[in-house]
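# Observations on chain architecture
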Amino acid sequence: MVLCFLSRTMHLARYSSRLLGRQLCSASANKPVLTLFTKKPCPLCDEAKEVLEPYKRRFILREVDITLPENSAWYDKYKYDIPVFHLNGKFLMKHRVDIQKFEDQLSKLELHNDGNH
């Protein structure tokens, strides 16, 4: 009897977590993706992330370590320029955060996404 209950509970928990995962994914799917090309250590990257902290709920941050072998093309391109940022796959800025440019582009993407719903 207890095993049957536990089995059903585990099944329900798995189903609930999948459902929650799907809901979270669909909610975050509408957020723009900000890609940060970085390496360790990178004090300017750390500083840039601090500057972007107040905006973190409005985008998904994806970090790409350019020193990893699978990212060698990005290393060749950006080794002297990090931090480099792409917004939804398009170059946005490098070296330091241009908060006005970031805010303008982020707002445009948000308006575009809101118009598609």
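Coordinates for the structure precede this section.
First things first, this report covers the structure right here in the doc. (Residues numbered from 1 in each chain as written. Predicted model: local features only at pLDDT ≥ 70, side-chain atom pairs only at ≥ 80, totals over all residues. Heavy atoms only, no water.)

## What to know about the state of the cysteines
The following threshold applies: Count a disulfide wherever a pair of cysteine sulfur atoms falls within 2.5 Å. Residue burial is assigned from relative accessible area. The probe radius is 1.4 Å, only protein chains are included, and a residue is buried under 20% of its type maximum, exposed over 50%, and partly exposed in between.
In this structure the tally under the stated criterion is one disulfide. Between the sulfur atoms of cysteine 42 and its disulfide partner cysteine 45 the distance amounts to 2.0 Å. A torsion of 70 degrees about the S-S bond marks the disulfide between cysteine 42 and cysteine 45 as right-handed. Take cysteine 42 and cysteine 45: they sit in the same class, and that class is buried.

## Observations regarding the environment of lysine 94
Note the threshold: Numbering of helices and strands starts at the N terminus; helices are DSSP runs of H or I of at least 4 residues and strands are runs of E of at least 2. Contacts between residues were defined by any pair of non-hydrogen atoms, one from each residue, lying within 4.5 Å.
For lysine 94, the position within the fold is in strand E4 (residues 90-94). Sequence separation between lysine 94 and phenylalanine 37 is 57 residues; the distance between their C-alpha atoms is 9.3 Å. Here lysine 94 is in contact with Asp81, Pro83 and Val84, once residues within four sequence places are set aside.

## Description of the environment of aspartate 65
Spelled out, the test is: The term polar contact refers here to a pair of N or O atoms within 3.5 Å; inside protein, the definition further demands a hydrogen-donor-capable atom paired with an acceptor-capable atom, and it admits residues adjacent in sequence only when both atoms are side-chain atoms.
Its place among the elements puts aspartate 65 in strand E2 (residues 60-65). Of the residues examined, aspartate 65 reaches a relative accessible area of 22% and is grouped as partly exposed. For the pair aspartate 65 and lysine 39, spaced 26 residues apart in the sequence, the C-alpha separation amounts to 5.0 Å. With near-sequence residues (within four places) excluded, aspartate 65 lies in contact with Thr38, Lys39 and Asn71. Only 2.5 Å separates the side chain of aspartate 65 from the side chain of threonine 67, close enough to count as a polar contact.

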